[in-house]
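Coordinates in review
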Amino acid sequence: MIPLSHYLIVSAVLFSIGTTGVFLRRNLITVLLSIEIMLNAVNLSFIAFGRTHGTVDGQIIVFFVMTVAAAEAAVGLAIVISLFRHRESLNPDAFTALRW
Amino acid sequence: MPETLQFYLFAALAIGASALVIGQRNPMHSVLLLIASFGALAGLYVLLDAPFVAVAQIIIYAGAIMVLFLFVVMLLNAPQEDAHKDPFALVRQSGLTRVGAVLALLLLLQLSWALLSVSGLAGPVDAGGDAAVVSSVPELGRVLFTDYMFAFEATSVLILVAMVGAVVLAGRRENEE
């Protein structure tokens, strides 16, 4: 039916969209959302490969990726809230305290 | 072929919604569009005989994680990006940012080239393996709690660390005020 490469190309496009978002956007929340897009692109690859090989291992890795994504979102959003409290801004260019 | 049609429908939905996530100025719209993108990806997972992951995707990703994002967007109440209200601000940004965009495009070209040049990917995705095995939840649970037992336990520690970290980072300290 549908070739494996089609799924992988969808995954590659999604990953590139996520990378573009991380590079281009000047808003910390949107940057975190772009990272979620990249994680989901990788999940799609895992499941497509797992289906091709006929094992459930790909799906199990996806569960772990989802857990890591949840942990990353919790800690990342906590950092965003903490930063916003200090600078009243979500622009990553506003946080230059460690730049020299 | 309905399955081919479904694949292209879900793939177009996922890619289109994700591209719009990047394009929105309002983070609220971005989060809602990302939920749509995750829904389309769940459809792709169903096509790949992974119904349990599709349901987990809807419940955990679109449900829990995105609600967390929505909550923070509403809490911070800073909907617009700091930049001026220029619809083409993304295109005419500083030089370094433009380099980033070119790099992302290069990444896409490189990935596509790599995928097209590797042989053995052109076969149908459901050629090998039994759909009944891949989509069976008991099999999933068996492998998760035998082969991946250590990773599963490590994940619980990871969640605990993330929980403590989030409380420490975002919690307001009384002695600082």
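Keep in mind that this is a model prediction, so the values were computed, not measured.

With respect to the overall build of chain A
Along its length, chain A carries 3 helices and 0 strands. Scanning chain A from its N terminus toward the C terminus, one meets helices and strands in the order α-α-α. By the compact-globule yardstick of 13 Å for 100 residues, chain A is too spread out, its C-alpha radius of gyration being 17 Å. Considered along the principal axes of its C-alpha atoms, chain A spans approximately 50 × 25 × 20 Å. Counting every position in chain A, which comprises 100 residues, the buried fraction comes to 61%. A separation of at least 24 residues holds for 58% of the contacts in chain A among residues at least 6 apart in sequence.

Brief notes about the overall build of chain B
Across its full length, chain B holds 7 helices and 0 strands. Each helix (α) and strand (β) of chain B, taken in turn from the N terminus, gives the series α-α-α-α-α-α-α. A buried classification covers 31% of the 177 residues belonging to chain B. The long-range fraction of contacts in chain B, counting pairs at least 24 apart against all pairs at least 6 apart in sequence, stands at 62%. Total accessible area on chain B stands at roughly 10,400 Å², and carbon and sulfur atoms take up 73% of it.

Focus on a nonpolar patch on the surface
Taken together, Phe 23 of chain A together with Val 99, Val 102, Leu 103, Leu 105, Leu 106 and Leu 109 of chain B make up a surface patch of nonpolar side chains, about 630 Å² in accessible area. If you tally residues by element for the nonpolar patch, the top one is helix 4 (residues 95-117) of chain B, at 6 residues. Examined against the element boundaries, Leu 103 of chain B turns out to sit in helix 4. Take Leu 103 of chain B: its relative accessible area is 45%, and that puts it in the partly exposed class.

Quick notes on the environment of Leu 140 of chain B
Tracing the chain through its elements places Leu 140 of chain B in helix 6 (residues 137-146). Given the relative accessible area of 4%, Leu 140 of chain B is considered buried. Leu 140 of chain B sits 88 residues away from Phe 52 of chain B along the chain, and the two C-alpha atoms are 9.0 Å apart. Apart from residues no more than four positions distant in its own chain, Leu 140 of chain B is found in contact with Val 56, Gln 59, Ile 60 and Phe 63 of chain A together with Phe 52 of chain B.

Some words on the interface of chain A and chain B
The interface of chain A with chain B comprises 70 residues on the first partner and 83 residues on the second. Counting the surface lost from both chain A and chain B, the interface buries some 7,000 Å², and carbon and sulfur atoms represent 76% of this. In terms of surface lost to chain B, no three residues of chain A exceed Met 1, Arg 25 and Arg 51 of chain A, which account for 11% of the buried area on that side. We note a salt bridge from Asp 49 of chain B to Arg 51 of chain A, for which the minimum N-O separation is 2.7 Å. Remark: the boundary between chain A and chain B carries 9 residue pairs in polar contact (both at pLDDT 80 or more). A total of 24 residues in the side of chain A that touches chain B trace back to one element, the largest contributor, which is helix 3 (residues 57-87) of chain A. Here the side of chain A that touches chain B is built from residues that sort into 45 nonpolar, 19 polar and 6 charged.

Here we look at the side chain of Ser 5 of chain A
Along the chain, Ser 5 of chain A turns up in helix 1 (residues 4-24). Note on Ser 5 of chain A: relative accessible area 13%, which makes it buried. Apart from residues no more than four positions distant in its own chain, Ser 5 of chain A is found in contact with Leu 121 and Ala 122 of chain B.

Conventions adopted
Residues numbered from 1 in each chain as written. Chains lettered and ligands numbered in written order. Predicted model: local features only at pLDDT ≥ 70, side-chain atom pairs only at ≥ 80, totals over all residues. Heavy atoms only, no water. Helix = DSSP H or I, 4+ residues; strand = E, 2+ residues; numbered from the N terminus. Rg over C-alpha atoms; globule rule 2.2 N^0.38 Å. Buried < 20%, exposed > 50% of the residue type's maximum accessible area, 1.4 Å probe, protein only. Contact = heavy atoms within 4.5 Å. Areas by Shrake-Rupley, 256 points an atom, 1.4 Å probe, with all protein chains shown as cover. Patch = residues over 30% accessible without salt bridge, like charges linked within 9 Å, V, L, I, M, F, W, Y side chains within 5 Å. Salt bridge = Lys/Arg side-chain N within 4 Å of Asp/Glu carboxyl O. Buried area = accessible area lost by both parts, 1.4 Å probe. Polar contact = N/O pair within 3.5 Å; in protein donor to acceptor, adjacent residues only side chain to side chain. Nonpolar A, V, L, I, M, F, W, Y, C, P; charged D, E, K, R; others polar.

Nothing here speaks to function; it is geometry throughout.
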